[in-house]
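# Structural overview for review
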Amino acid sequence: MTDIRYLAPRTLDEAVGAFAAAAGGARILAGGTDLLVQMRAGVAKPGTIIDIKKIPEMTAIEDLGGGAFRIGAAVSGAVLAEHAGFRKAWPGVLEAVNLIGSKQVQGRASPGGNLCNASPAGDSVPAMVAAGAVVTIQGPNGRRELPVEKVPAGPGRTNLTPGEIVVSFTLPARPKGSGDAYLRMIPRTEMDIAVVGMGVNLVLEGGVVKAARVGLGAVAPTVLLVEDAARALIGSRLDDAALEAAAAACRAACKPINDKRGTIAYRIKVAGVLLKRTAAIAARRAGGN
Amino acid sequence: MAKIHVSTTVNGEPVEFLCDASSSMLDALRGPLGLTGTKEGCGTGDCGACSITVDGRLMCSCLMLAVEAEGHEIATIEGMAQGDKLHPLQQKFLEMAALQCGICTPGVLISARSLLEKNPDPTEEEVRFGLAGNLCRCTGYDKIVRAVLETAAEMREAAR
Ligand SMILES: Cc1cc2nc3c(=O)[nH]c(=O)nc-3n(C[C@H](O)[C@H](O)[C@H](O)COP(=O)(O)OP(=O)(O)OC[C@H]3O[C@@H](n4cnc5c(N)ncnc54)[C@H](O)[C@@H]3O)c2cc1C
Ligand code: FES
Ligand code: FES
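Looking at an unreviewed UniProt entry, chain B carries the name (2Fe-2S)-binding protein, with the source organism given as Neoroseomonas soli.

Given below as structure tokens:
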């Protein structure tokens, strides 16, 4: 192997500078659980690797109060799981992040890597979409913000422009009566790729849904925000008719592929089933808050 | 390209080594550091044979670059026994024959120790989920799971 250059800058400006200067020849390294596998398979052949974990902002978890959080893009699942305040405010996002791989993979895998790897089946992404997370991005032209669902462009592709790095995820404050949940369907009991991934985030007031967001993964080229499903839930008491309407909206949003894990028909059916199950868990959590 | 110099701590001892930027931590352990207890099964994060801890956290050494070890604390299977005294997990794996060919065993032990540090009283299901990142082609897992549960019970008893 012709060898590569390894950089571990301490500031974001240095990282962006080096990333932009490499003009496509560099890759960002967070946990490496996708990147190193791709390099080993010869799919990724970077000339330079830019490790972002020495940049404090990338590995920080900031409690902004009222359930709002800013999470550095390179925070590992294991570190996030140890944050009691985050676990209480965003159990659905946490369970999605913690579904990524084994305990060993959790020691490294980050939500930023999961998003930027841009697999349609990335587990943390539907939960982040449901949460209404906004990502902060820094590039050669400065900072900008994007709703998380605007980042993936297709399998393995993002809307980041050359030299841009995802810095953090900002999750909004939690009104009283909030709850979120994430469920995925996999053929095994653990360590597998989602056939469908479903994130639901609800705000209830006196049993009535005041706000809802639904994120749907593994059934289209990118993770989807299913606004029709949210509309079907808002104003309802999560009665059977509302849940069925939301499930139908999820089924309608699916544009899945056939593969060894699931057929098109199966994925579409499961999307509806998971909407109902995930909403039930989110509602139960909302009731306790 | 010139080799990179890395200073780190392995099993409590400060060490230094030279590596390529693309070398994995697993390559460094088994190569310049001469610690061959950590095994390579897949090289892609699936089997857990290469499990180590970094600053106390469980990771696959095949999915970490050797240069990333700079300034961190690495723990491998070689540091699990205290001299001649085996760790209770190691002792129990021998007693209960929780291994056959043994290639997965160092990784399983590192992972089981990490599990028991976080959860000294796991259920069988928690042990099975906790060790889901460690594949074993020989034992069918049952002996491994029973040995971990038994060790956990004895360690709790000893800590009383
Ligand atoms: C055994 C195993 C099991 C797995 N199981 C699952 C699973 O169940 N569910 C799942 O969703 N995934 C799974 N994965 C895939 C992987 O672990 C996740 O996608 C993980 O979240 C990637 O995070 P990372 O920090 O390791 O990313 P890295 O590998 O460091 O990066 C991934 C990609 O994103 C880019 N990148 C990373 N951070 C940034 C940033 N801040 N800005 C711009 N670009 C960036 C990198 O250049 C690279 O292209 C598994 C992987 C393995 C090896
Ligand atoms: S060799 Fe690292 S997980 Fe298999
Ligand atoms: S004992 Fe042979 S692989 Fe586990």
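The discussion continues.
## Things to note about the environment of Met96(B)
Residue and element names in this part refer to chain B. Position of Met-96 relative to the elements: it lies in the loop between α2 (88-95) and α3 (105-118). Sequence separation of Met-96 and Ala-147 is 51 residues, and the distance between their C-alpha atoms is 6.3 Å. Residues in contact with Met-96, not counting those within four places in the same chain, are Lys-143, Arg-146, Ala-147 and Glu-150.

## A look at the site of ligand 1
Contacts to ligand 1 come from 34 residues, most closely from Ile28(A), Thr33(A), Asp34(A), Ser110(A) and Asp123(A). Around ligand 1 the close residues trace back to chains A and B. Between ligand 1 and the protein, one listed contact pairs an oxygen atom with a side-chain N or O atom of Thr33(A) at 2.6 Å. Within the backbone of Gly101(A), an N or O atom sits 3.2 Å from a nitrogen atom of ligand 1. Only β2 (26-29), α7 (111-117) and β10 (165-171) of chain A provide two or more residues apiece to the shell around ligand 1. Per element, the largest residue contribution to the shell around ligand 1 is four residues, and it comes from α7(A). Taken together, the residues of the shell around ligand 1 break down into 16 nonpolar, 11 polar and seven charged.

## Some points on unusual backbone geometry
The phi torsion at Leu238(A) lies on the positive side, around 55 degrees, for a residue other than glycine. In this structure, Leu238(A) sits in the loop between α9 (227-233) and α10 (240-253). In this structure, Tyr141(B) takes a positive phi of about 75 degrees despite not being glycine. The exposure class of Tyr141(B) is partly exposed, given its relative accessible area of 29%.

Cut-offs applied
Residues numbered from 1 in each chain as written. Chains lettered and ligands numbered in written order. Predicted model: local features only at pLDDT ≥ 70, side-chain atom pairs only at ≥ 80, totals over all residues. Heavy atoms only, no water. Helix = DSSP H or I, 4+ residues; strand = E, 2+ residues; numbered from the N terminus. Contact = heavy atoms within 4.5 Å. Near = heavy atom within 4 Å. Polar contact = N/O pair within 3.5 Å; in protein donor to acceptor, adjacent residues only side chain to side chain. Nonpolar A, V, L, I, M, F, W, Y, C, P; charged D, E, K, R; others polar. Buried < 20%, exposed > 50% of the residue type's maximum accessible area, 1.4 Å probe, protein only.

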